Each structure stands twice: as C-alpha cells, then as structure tokens.
Amino acid sequence: GENVEQHPSTLSVQEGDSAVIKCTYSDSASNYFPWYKQELGKGPQLIIDIRSNVGEKKDQRIAVTLNKTAKHFSLHITETQPEDSAVYFCAASFGGRRALTFGSGTRLQVQP
Amino acid sequence: SQTIHQWPATLVQPVGSPLSLECTVEGTSNPNLYWYRQAAGRGLQLLFYSVGIGQISSEVPQNLSASRPQDRQFILSSKKLLLSDSGFYLCAWSRGGDTEAFFGQGTRLTVV
C-alpha cells in the first residue's frame, strides 16, 4: 500500500549548521513530493515541492533532492536559524489516490 | 486568491456530546476537500476526503462522519464523542491528489 517513511523523528542542530531530513516512498508511480512546515498550533504550510521529472530544486536556504531509482527524497536546510524550528512533514502522491500521503514528521530544533 | 476557514480554533467537549466542525474554502470551485487528525506529537492521519458535493470517502473506521452539503463546505461530525477523539483536526483543500494541499489553521479538540 501507500507508505511514506520519514527520518529522523527529531533533529537538533546549532544555529548556522545544516539540517537534512529524509523520506522514502513505496510507489514508483508517485510524481509529486511536497514538504510542509508546521509551527506550533498552526496548520502545515508548503515550503517547497518537487515533481518526478526534476532531480533537485532550490529556494534560497532550502532545497529538495529526489532519487527516483531509490525512491527517496530529502529536504536540506542550510544556515539554519532559530525561526526554522518547527515540525517538518514530507508527503508523496500515489497513482489513483485523491490525497497526499504524509510522513510521520520531524521536529527540528535550532539552538541559538 | 484562495482562502480556507476552519472553526472553532479550540473546543472542549464532554464525552458523549455531539461534534460539528466546519470548514469553508473561498476563491476556487470544485476543490478536493480533506479532514486530517493529528494526535499530539504525531503525523497527519487522513480521515475523510471529498471530490464533489455529497461524495465522501472514509479512510479509517471511526466514531466520526463527514458531509459536504455545498461545493466549498466540509463538515466533520460525531453523534457521541469519545476520549480518543481528542486531537488537532485539520481541514485542507487541493486541486487534485498530486498537487499542493492547502491547510486551515486547525481545531484543537479536547474531550473530557
């Protein structure tokens, strides 16, 4: 069935360091991979996404990479800042399914 | 531009009482609509989704039901709440299963 695994569940980094969160998916037909950031008490918000015809996408300090062969994708945050502290979710689309499937989330804490 | 409204923001209800959470979307037509639940420190569990008026798909058997009386209105209900229904409920919309999902701000439900 559709499955998205996300690691690590918690991540603590020093301000200015990089953070990497990894996800794997089960369906080789998946073609859309968004990343969401959820701040405390709020709904998740899209921060970056990638489609299966692209291997990497960057937006300022964040980037996403996709390896279709291995069926995994990663979020990279460089020069982390305290305001990057939040829960991050990856997600994947699955063929014929009308909803995204989400990973279990990563709580990122950036220590000042 | 599109907006999604979800209310109330917080709710404390006694066990056995009914529930009605409402979500409306503005600025788009015929959206896919979703209800997710997020237990404390956990990921996003899809409860229901709808691709049109009166069309509801349930992802997990539970004490809850959903309805879509109008194109841009999605309601989550229960006749008798259980303690296990406590959680953070999120409404979302999208244009399809392989596109960005836009989330509301969530309702924190505590059943006492």
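Here the residue index of a chain counts from 1 through its sequence in written order. By the order in which they are written, chains take letters starting at A while ligands take numbers starting at 1. Owing to the predicted nature of the model, reporting of local features is limited to residues with pLDDT of at least 70; listing and counting of side-chain atom pairs is limited to 80 or more, with chain, interface and lining totals taken over all residues. Water and hydrogen atoms play no part in the side-chain values, which are based on all heavy atoms of the structure.

## Observations concerning the overall build of chain A
- Counting its secondary structure elements, chain A contains 0 helices and 11 strands.
- Only DSSP runs of H or I reaching four residues or more are called helices, and only runs of E reaching two or more are called strands; each is numbered from the N terminus. Helices and strands in chain A line up, N terminus first, as β-β-β-β-β-β-β-β-β-β-β.
- Whereas a compact globule of 112 residues would reach a radius of gyration of roughly 13 Å, chain A reaches 13 Å, a difference of no more than 12%.
- On the principal axes, the C-alpha backbone points of chain A span a range of 45 × 30 × 20 Å.
- Buried residues are those whose accessible area, probed at 1.4 Å on protein chains only, stays under 20% of the maximum for their type, while exposed residues exceed 50% and partly exposed ones sit between those limits. By the burial criterion, 45% of the 112 residues in chain A qualify as buried.
- Residue contacts follow a heavy-atom distance rule, with two residues in contact if any of their heavy atoms lie within 4.5 Å. Taking as baseline every contact in chain A between residues at least 6 positions apart, the subset at least 24 positions apart corresponds to 54%. With C-alpha atoms as the basis for the radius of gyration, the globule rule is written as 2.2 Å multiplied by the number of residues raised to the power 0.38.

## Observations concerning the overall build of chain B
- Helices and strands together make up the secondary structure of chain B, namely 0 helices and 11 strands.
- Taken against the 2.2 N^0.38 rule, which gives 13 Å for 112 residues, the C-alpha radius of gyration of chain B at 13 Å falls within 12% of a compact globule.
- Overall, chain B is about 40 × 25 × 20 Å in size when its C-alpha atoms are taken along their principal axes.
- Counting the 112 residues in chain B, one finds 48% classified as buried.
- Pairs at least 24 residues apart make up 54% of the contacts formed inside chain B by residues separated by at least 6 positions.

## Brief notes about the interface of chain A and chain B
- Counting residues at the interface gives 19 residues for chain A and 22 residues for chain B.
- Put simply, buried area is the surface a 1.4 Å probe can reach on two separate parts but cannot reach once they are joined, added for both. Summed over both partners, the interface of chain A with chain B buries about 1700 Å², with 54% contributed by carbon and sulfur atoms.
- Nitrogen and oxygen atoms within 3.5 Å of one another constitute a polar contact, given that in protein one can donate a hydrogen and the other can accept it, and given that sequence-neighbouring residues count only through two side-chain atoms. Connecting chain A to chain B are 5 residue pairs in polar contact (both at pLDDT 80 or more).
- Elements with a minimum of two residues in the side of chain A that touches chain B: strand 4 (32–38) and strand 5 (45–51) of chain A.

## Here we look at the pairing of strand 11 (residues 106–111) of chain A
All names here are of chain A.
- Taking every second residue as pointing to the same face, the buried face of strand 11 carries Thr106, Leu108 and Val110, while none of Arg107, Gln109 and Gln111 on the other face is buried.
- Pairing analysis gives 5 bridges linking strand 2 (residues 10–14) to strand 11, with the strands arranged parallel. Bridge assignment links serine 12 to a residue of strand 11, and that residue is glutamine 109.
- Between any two strands, at least two bridges found by DSSP are needed for them to pair. Sheet analysis places strand 9 (residues 86–92) next to strand 11, joined by 3 bridges and oriented antiparallel. Residue valine 87 lies in a different strand from strand 11, and its bridge partner there is arginine 107.

## A look at the state of the cysteines
- Pairs of cysteine sulfur atoms within 2.5 Å are identified as disulfides in what follows. Throughout the structure, instances matching the rule amount to 2 disulfides over all chains.
- The disulfide partner of cysteine 23 of chain A is cysteine 90 of chain A, and the gap between their sulfur atoms is 1.9 Å. Taking the sign of the torsion about the S-S bond as the criterion, the disulfide between cysteine 23 of chain A and cysteine 90 of chain A, at about -100°, is left-handed. Of this pair, cysteine 23 of chain A sits in strand 3 (residues 19–25) while cysteine 90 of chain A sits in strand 9, placing them 67 residues apart in sequence. As far as the burial class goes, cysteine 23 of chain A and cysteine 90 of chain A line up, both buried.
- Here cysteine 23 of chain B pairs with cysteine 91 of chain B through a disulfide, and the sulfurs are 2.0 Å apart. What sets the handedness of the cysteine 23 of chain B and cysteine 91 of chain B disulfide is the S-S torsion sign, and at about -75° it is left-handed. Note that cysteine 23 of chain B is positioned in strand 3 (residues 19–26) and cysteine 91 of chain B in strand 9 (residues 87–94), a separation of 68 residues in sequence. Each member of the pair, cysteine 23 of chain B together with cysteine 91 of chain B, is buried.

## Notes on the pattern of salt bridges
- What makes a salt bridge here is a side-chain nitrogen of Lys or Arg within 4 Å of a carboxyl oxygen of Asp or Glu, nothing more. All told, the structure shown has 6 salt bridges over all chains when counted by the stated rule.
- The closest approach of N and O atoms between lysine 42 of chain A and glutamate 39 of chain A, which form a salt bridge, is 3.9 Å.
- Here glutamate 39 of chain A falls in the partly exposed class, since its relative accessible area comes to 35%.
- Arginine 68 of chain B is paired through a salt bridge with aspartate 71 of chain B; the nearest N and O atoms lie 3.2 Å apart.

## A short note on the environment of glutamate 5 of chain A
Residue and element names in this part refer to chain A.
- Position of glutamate 5 relative to the elements: it lies in strand 1 (residues 4–7).
- By relative accessible area, glutamate 5 is classed as partly exposed at 41%.
- Expressed as a C-alpha distance, the spacing of glutamate 5 and serine 104, which sit 99 residues apart in the sequence, is 6.9 Å.
- Sequence-distant contacts of glutamate 5, that is, excluding residues within four places in its chain, are made with Lys22, Cys23 and Thr24.

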